[in-house]
Amino acid sequence: MYDYDLLVVGSANADMVIQVERRPAAGETVLGSDLVVHPGGKGANQAVAAARLGARTALLARVGDDAHGRLLLDAQRDAGVDTVGVLVGGASTGVALITVDPSGDNSIVVSPGANARLAAADIRAASSLLQASRVVSAQLEIPLETVVEVARNLPSGTRFVLNPSPPRTLPAEVLAACDPLIVNEHEARVIAGGERDGSPEDRAAALLALGPRSVVVTLGAEGALVATGEAMARVASVKVDAVDTTGAGDAFTAALAWRLGTGSSLLEAAAYAVRVGAAAVTHPGAQESFPTAEEVAAL
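Quick look at the structure, then. Model, not experiment: these values are computed from the prediction. (Residues numbered from 1 in each chain as written. Predicted model: local features only at pLDDT ≥ 70, side-chain atom pairs only at ≥ 80, totals over all residues. Heavy atoms only, no water.)

### Comments concerning helix 8 (residues 200–208)
Among the residues of helix 8, those classed as buried are Pro-200, Arg-203, Ala-204, Leu-207 and Leu-208. Buried positions in helix 8, seen along its axis, are confined to an arc of 135° and lie on one side of it. Looking at the packing, one finds that the buried side of helix 8 touches strand 10 (178–184), helix 7 (185–192), strand 11 (214–218), strand 12 (224–228) and strand 13 (232–235). (Buried < 20%, exposed > 50% of the residue type's maximum accessible area, 1.4 Å probe, protein only. Helix = DSSP H or I, 4+ residues; strand = E, 2+ residues; numbered from the N terminus. Arc of directions from axis to C-beta. Contact = heavy atoms within 4.5 Å.)

### What to know about the side chain of Glu-187
For Glu-187, the location among the structural elements is in helix 7. Lys-42 is the oppositely charged side chain nearest to the buried, salt-bridge-free Glu-187, at an N-O distance of 5.7 Å. (Lys, Arg positive; Asp, Glu negative; His and termini not counted. Salt bridge = Lys/Arg side-chain N within 4 Å of Asp/Glu carboxyl O.)

### Considering the side chain of Glu-141
Tracing the backbone through its elements, the reader meets Glu-141 in the loop between strand 8 (133–139) and helix 5 (144–152). It turns out Glu-141 is buried and unbridged, and the closest side chain with the opposite charge, Lys-42, is 5.6 Å from it. Within the local environment of Glu-141, its side chain forms a polar contact with the side chain of Ser-11, the two groups lying 2.4 Å apart. From its side chain, Glu-141 meets the backbone nitrogen of Lys-42 in a polar contact 3.1 Å long. Apart from residues no more than four positions distant in its own chain, Glu-141 is found in contact with Ser-11, Asn-13, Gly-41, Lys-42, Val-110, Asn-115, Ser-165 and Pro-166. (Polar contact = N/O pair within 3.5 Å; in protein donor to acceptor, adjacent residues only side chain to side chain.)

### Digging into helix 7
One full turn of an α-helix is made of 3.6 residues, so residues set three or four places apart face in the same direction. Within the sequence span of helix 7, burial applies to Glu-187, Ala-188 and Ile-191. Along the axis of helix 7, the buried residues cluster in a sector spanning 100°; they form a single face. As for helix 7, its buried residues are in contact with strand 9 (159–163), strand 10 and helix 8. At the N-terminal boundary of helix 7, the capping side chain belongs to Asn-184, with an oxygen 3.1 Å from the backbone nitrogen of His-186. Once helix 7 finishes, Gly-193 follows within two positions and takes phi at roughly 75°, a positive value.

### A closer look at the environment of Gly-113
Mapping Gly-113 onto the fold places it in the loop between strand 7 (106–111) and helix 3 (120–125). Those residues in contact with Gly-113 that lie beyond four places of it in its chain are Ala-91, Ser-92 and Gly-94.

The values are spatial; any link to function lies outside them.
This is the structure we're talking about:
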């Protein structure tokens, strides 16, 4: 019997957001809106997104002993996430600087802060959390060696989901544990290599050849591609009016990971996750935009 449907191991950031008419070119200054600070970070986002859908969720992360850290902890607890695995101290809380244009597209620069201090030893010390979790998900806003330690310490029967963002070359032992590896088209190009104009199917095939058990390529408004060693299939998106795409990928990953843990097939989980991601982009911000299961059903 598992205590948690999903354990998220990853980053927690304060998102500092400015709305702009257009993003600046090199050397250019552009005026924007008033600065707004939101709780964010890919790990914290995924934990909140899963909890809001109804998953029993825990977060393993590190924040600073500062106002931003307290903001992040409060947001997790308000969403129903168990924060027993959130470590405090070691550096200031991570910060993400985000600009959002009128179409809802965003550009993000991250200062890792305390996220960079989430160490392999912290994973080993949290073995009871891993043992208690049906699915474990991770991203790459924490040190790669920490993610490697997660893969090495996965209990038998626990499924591992990795969103390699920001993308980088991955060790074979991490790739072999992924079921699935979830990437957008940019991440797929970076990790798989090859020609820039390859199709998503080409990218998925190249990624599968690297060793993961399955691959999901998110395609934005076009939905997603699901690939295993046996077959590939596309999942259509739901047409919505996008307001802000910040956090949409995190909502997708969290929903997919949770549904896999409930027994859904990878294709079924991806179909549900596409709807969750579509619902998220209809509201501004990251965590505050994540839908409940009822809102997804009504979409």
